[in-house]
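# Residue-level structure breakdown
Chain residues, written in single-letter form:
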Amino acid sequence: MSNDHFKGKFEVELKYRLPSKVNFLDVLSQIPHEVMLVDNVEHDWYFDTPTRTLHAKNKSVCIRTMEPSGIKLWIVKGPEPDRCEATNISDASNAMSMLKTLGYDVSLEAKKIRSIYFVGEFHITVDSLEGIGDFAEFAIMTNDESKLAAYKVELESLAQQFGLTDSALQTKSYKQMFIERNEKQIV
């Protein structure tokens, strides 16, 4: 198993709401795959300026810790929907302190339970977001922008093997879903 699955500055990702996580995992068990991790708790801190400059430019900066795997990431997304870069870091607290020193603050804090599987060159994440639901993301990262359309077709085909169709496709990011959930809780 290799971290090459997560290398590249472009990401093709299709996210589906799962009608049944149990049924999804049953289908997965019947096809060849590798397990990277199961039921990891991911804690994300999204940073922005006090005036939310990054949000206005469709950009996102996130520090993520993962337990029990111990993985720590610095993630930058946007402004294009397929633009995503991540790098391993050794000290999440120090990275967050550096961002605060630069004038950024935490605009959103979110947690999810994530499992990651590899099916060929693709990775599938199965996520449970408290109060929001269960999702599967079918994805691949690449440095070759010319492959994005072809990868999208291949990912749609893979999702169909799980019985997932366009009606379950989600276009909102988890960040947007958490923001909306938090706004509803305030009302």
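None of the values given here were measured: they were computed from a predicted structure.

### Description of the overall build of the protein
In terms of regular secondary structure, the protein is built from 5 helices and 9 strands. When the helices and strands of the protein are read in sequence order from the N terminus, they spell out β-α-β-α-β-β-β-α-β-β-β-α-β-α. Since a compact globule built from 187 residues should have a radius of gyration of about 16 Å, the 17 Å found for the protein is in line with a globular shape. Counting only C-alpha atoms, the protein reaches 50 × 40 × 30 Å along its principal axes. The 187 residues of the protein split such that 41% are buried. Sequence separation of at least 24 residues holds for 66% of the intrachain contacts in the protein that already meet a minimum separation of 6.

### A short note on the packing of aromatic side chains
Using the criterion set out here, one finds 6 aromatic pairs in the structure. For the ring pair Phe 24 and Phe 138, a centre distance of 6.1 Å and an interplane angle of 75° mean the geometry is edge-to-face. Of this pair, Phe 24 sits in helix H1 (residues 21-29) while Phe 138 sits in strand E8 (residues 133-142), and the two are 114 residues apart along the sequence. Between Phe 135 and Tyr 174, the ring centres sit 5.6 Å apart and the planes meet at 65°, which makes this aromatic pair edge-to-face.

### Re the environment of Tyr 151
Looking at the secondary structure, you find Tyr 151 in helix H4 (residues 148-161). Residue Tyr 151 is classed as buried on the basis of its relative accessible area of 10%. Measuring from C-alpha to C-alpha, the distance between Tyr 151 and Asp 26 comes to 24 Å, with 125 residues separating the pair along the chain. Those residues in contact with Tyr 151 that lie beyond four places of it in its chain are Val 12, Glu 121, Phe 122, Ile 140 and Thr 142.

### Looking at the nonpolar core
Counting residues in each nonpolar core, the largest one holds 24 residues, and the members touching the most others are Phe 24, Ile 124, Phe 138, Phe 162 and Leu 164. Of all the secondary structure elements, the ones that give two or more residues to this core are strand E1 (10-17), H1, strand E6 (105-119), strand E7 (122-129), E8 and H4. Here this core takes 5 residues from H4, the largest share from any one element. Excluding residues that lie within four positions of it along the chain, Phe 138 makes contacts with Val 12, Glu 13, Leu 14, Tyr 16, Phe 24, His 123, Ile 124, Leu 155, Leu 158, Ala 159, Phe 162 and Leu 164.

### Here we look at the pattern of salt bridges
Under the defined criterion, the tally for this structure stands at 12 salt bridges. For Lys 112, the salt bridge goes to Asp 44, with nearest N and O atoms at 3.0 Å. One end of the pair, Lys 112, is in strand E6; the other, Asp 44, is in strand E2 (residues 34-48), with 68 residues separating them in the sequence. Judged on exposure class, the residue Lys 112 and its partner Asp 44 are both buried. Notably, a salt bridge pairs Glu 137 with Arg 114, separated by 3.3 Å at the nearest N-O pair. Of this pair, Glu 137 sits in strand E8 while Arg 114 sits in strand E6, placing them 23 residues apart in sequence. Connected through salt bridges with shared partners, the residues Lys 15, Glu 42, Asp 44, Arg 64, Lys 112, Arg 114, Asp 127 and Glu 137 form a single ionic network.

### A look at the environment of Leu 169
Position of Leu 169 among the secondary structure elements: in strand E9 (residues 169-170). You can call Leu 169 partly exposed: its relative accessible area is 29%. Spatially, the C-alpha atoms of Leu 169 and Glu 137 are 9.7 Å apart, while their sequence positions differ by 32 residues. What Leu 169 contacts, discounting residues up to four positions off in sequence, is Leu 14, Lys 15 and Tyr 16.

### Thoughts on a negative patch on the surface
A surface patch of negative charge is lined by Glu 80, Asp 82, Asp 144 and Glu 145. Within the secondary structure, Asp 144 is located in the loop between E8 and H4.

Reading guide: rules and limits
Residues numbered from 1 in each chain as written. Predicted model: local features only at pLDDT ≥ 70, side-chain atom pairs only at ≥ 80, totals over all residues. Heavy atoms only, no water. Helix = DSSP H or I, 4+ residues; strand = E, 2+ residues; numbered from the N terminus. Rg over C-alpha atoms; globule rule 2.2 N^0.38 Å. Buried < 20%, exposed > 50% of the residue type's maximum accessible area, 1.4 Å probe, protein only. Contact = heavy atoms within 4.5 Å. Phe/Tyr/Trp six-rings, centres within 6.5 Å; stacked < 30°, edge-to-face > 60°. Core = buried A, V, L, I, M, F, W, Y, C linked by side-chain atoms within 4.5 Å. Salt bridge = Lys/Arg side-chain N within 4 Å of Asp/Glu carboxyl O. Patch = residues over 30% accessible without salt bridge, like charges linked within 9 Å, V, L, I, M, F, W, Y side chains within 5 Å. Areas by Shrake-Rupley, 256 points an atom, 1.4 Å probe, with all protein chains shown as cover. Lys, Arg positive; Asp, Glu negative; His and termini not counted. Charge placed at Lys NZ, Arg CZ, Asp CG, Glu CD.

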